[in-house]
Amino acid sequence: MKLAVVVQRYGADINGGAEQHARYIAERLSRHTTVEVVTTCARDYVTWKNELTPGVEQVNGVSVRRFPVAHERTPDDFGRRSNRVFNHRHSIADELKWLDSEGPASRALVDYVESAAANFDFVLLFSYRYYHAWHVARRIPGKAIIVPTAERDEAIGLSIFGPVLRGVRALMYNSPEERAMIQAATGNDAVPGVVVGVGSDVPAHTEPERFRRKFRMNRPFAIYIGRIDANKGCGELFSHFQRYAAAFPKGLDLVLVGSAIMDVPKHPRIHHLGFLDDRDKFDALAAADLLIMPSYYESLSMVALEAWALGRPVLANGRCDVLKGQSIRSNAALYYESYEEFVEALYSLESNGPLNARLGRNGREYFRQNYAWPVIERKYLEMFDRLKRDRPPEKELRPEGGSHLEPLPGWFARHKRNLRPSREVLARIPHGPALDTRRSA
């Protein structure tokens, strides 16, 4: 069997989000079959500027084929087009222009995957909302498996994604909440899909005291790991934590790990360490009393899974459906929706508090049962076997091996501005934790 993994950017030094998810899956599946990664020459997710060399290279033993991006993203243009499709009545043509503006637009990448489709059994596409995933899925839907990594944002309400998410061979979801949202938005219930998520290479042994010595952390602390960004809830985190620090002078400090694209408050109990390598990151997690996940939008929190693997409890933003659902299913986290809840949960999760050890044990077991690598790999391999057995009838296949997708309407229909703002569509999609599927995670 041979697989292609197609993702917007890729590299051993590109951490977090769908890109790291794709790399982990590519490297683990390469133990079972031949994997080729197809990606762009971009490193920066804001501009998609070509920084890496086109061609083929090896990254951690996996073959990676890169193609240049045709044009960089222009933030002003992308912002205008986002405003049009998210907040105003618009056309399919407007959505397609938004997709091209979002990028990373690489026609060469799409053409290559289509031409090489006969050499691949399946093509894994990360993430649903980007140029490469939409175009590749439309060209070879019969071989396309989408890993949507979908968050609850306005993009899921765009009409162009429904036919793709209804027409591919399968979807590999990150959470029951993501699956419920996509099915409600697109009506793709009949498409094979499984909640699988992603594992993590968590070390068997950590050295929390080494981290404390190296970074001179003598006080107990909570930790945040990820991009320090208002879109990740960091503004609210800083506001809540500074109020907490004023009220509880002997309480926890806050350690931040990750690059900052917003200002970090200058506060004696807030420590921004910047980007850390894996050894320092895992040692920091092991040394922390708890992990805080303040994000409003997630399809899966990898760092929460890593915290649970190390027996650390999590404090999550309860306004994020996925984080709230994970908190309840794992019985290893508390969640907050106000400052008062934040403070009470933080107190309860301190190392000497009543819940820290118990929730930590629950988290370790939750990770072992649902997100250890043998579990993740088995779910992927079982899906491949299922799709091979349930191959579409020959009359439904195109010559290159893809099944037919719902066609785009004609020119005039594409340009008719009769589509509701995607923000309105999103508002009508049910939300909340998918508690009826608590065992499927």
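Residues numbered from 1 in each chain as written. Predicted model: local features only at pLDDT ≥ 70, side-chain atom pairs only at ≥ 80, totals over all residues. Heavy atoms only, no water.

> Would you mind showing me how to read the side chain of Gln326 here?
Structurally, the position occupied by Gln326 is in helix H12 (residues 321-330). Ignoring anything within four residues of it in the chain, the contact list for Gln326 reads Leu300, Ser301, Leu305, Trp308 and Tyr371. (Helix = DSSP H or I, 4+ residues; strand = E, 2+ residues; numbered from the N terminus. Contact = heavy atoms within 4.5 Å.)

> Looking at this structure, I do not really get the packing of helix H2 (residues 75-87) against helix H3 (residues 92-102). What am I missing?
Helix-helix packing is described using two parameters, namely the angle between the two axes and the distance between the axes. One can describe the packing of H2 onto H3 by two numbers: an axis separation of 9 Å at closest approach and a directional angle of 150°. Of the two possible hands of crossing, H2 and H3 adopt the one that is left-handed. Facing Asp77, Phe78, Arg81, Ser82, Arg84, Val85 and Phe86 of H2, the residues of H3 in contact are Asp94, Glu95, Lys97, Trp98, Ser101 and Glu102. Of the residues assigned to the contact of H2 with H3, the class counts are four nonpolar, two polar and seven charged. (Axes fitted to C-alpha atoms, helices over the stretch in contact; angles between N-to-C directions. Left-handed = near helix turned anticlockwise from the far one by under 90°. Nonpolar A, V, L, I, M, F, W, Y, C, P; charged D, E, K, R; others polar.)

> Whenever I open this one, H2 confuses me. Can you help?
In an α-helix there are 3.6 residues to a turn, and that puts residues three or four apart on one side. Given a rise of 1.5 Å per residue, 13 residues ought to cover 18 Å, and the 17 Å separating the end C-alpha atoms of H2 matches this to within 8%. The secondary structure elements touched by the buried residues of H2 are H3 and helix H17 (422-427). (Expected span 1.5 Å × (residues − 1).)

> What is the right way to read the pattern of salt bridges from this model?
Side chains that differ in sign of charge can pair as their charged atoms come close. Per the counting criterion, the structure on display carries 30 salt bridges. Here Asp13 ties to Arg43 by a salt bridge, and the two come within 2.8 Å at their closest N and O atoms. Residue Asp13 is located in the loop between strand S1 (2-6) and helix H1 (17-29), and its partner Arg43 is located in the loop between strand S2 (34-40) and strand S3 (55-59); the two are separated by 30 residues in the primary sequence. Its relative accessible area of 46% is what places Asp13 among the partly exposed residues. The shortest N-O distance in the salt bridge between Arg210 and Asp280 comes to 2.5 Å. (Salt bridge = Lys/Arg side-chain N within 4 Å of Asp/Glu carboxyl O. Buried < 20%, exposed > 50% of the residue type's maximum accessible area, 1.4 Å probe, protein only.)

> For this particular structure, what's the right way to read the nonpolar core?
As a rule of thumb, soluble globular proteins bury nonpolar side chains together. If you look at the biggest cluster of nonpolar residues, it comprises 63 residues, and the most contacted ones within it are Ile25, Leu124, Phe126, Ile223, Leu291, Val314 and Tyr380. Leaving out residues up to four positions away in the same chain, Ile223 has contacts with Val255, Val257, Ala284, Leu285, Ala288, Leu290, Leu291 and Ile292. Counting residues in each nonpolar core, the second largest holds 48 residues, with Ala137, Ile156, Phe161 and Ile429 among its members. (Core = buried A, V, L, I, M, F, W, Y, C linked by side-chain atoms within 4.5 Å.)

> Help me out: how do you make sense of the sheet that holds strand S6 (residues 144-147) in this one?
Strands belonging to one sheet form pairs held by backbone hydrogen bonds; the direction of such a pair is parallel or antiparallel. Ordered in space as S3-S4-S2-S1-S5-S6-S7-S8, the eight strands form an open sheet in which the pairing is mixed. Two strands bound the open sheet, and with one partner strand each, they are S3 and strand S8 (193-195). The mean angle between the axes of side-by-side strands here comes to 20°, regardless of whether they run parallel or antiparallel. Judged from the five bridges that link them, S1 and S2 form a sheet pairing that is parallel. Residue pairing in the sheet places Lys2 in a bridge with Thr34 of S2. Contacts between helix H4 (residues 107-116) and the sheet are confined to S1, S2, strand S4 (62-67) and strand S5 (122-126), with S2 contributing the most and set at about 155° to the helix. Relative to S5, helix H5 (residues 131-139) is tilted by about 150°, and along the sheet it contacts S1, S5 and S6. (Pairing = 2+ DSSP bridges.)

> Any chance you could explain the sheet that holds strand S9 (residues 221-225) here in plain terms?
Taken in spatial order, the six strands make up an open sheet running S11-S10-S9-S12-S13-S14, and their pairing is parallel. Edge positions in the sheet fall to strand S11 (270-274) and strand S14 (333-336), since each has one partner strand and no second. On average, each strand axis in the sheet is inclined to that of its neighbour by 25°, with strand direction left out of account.

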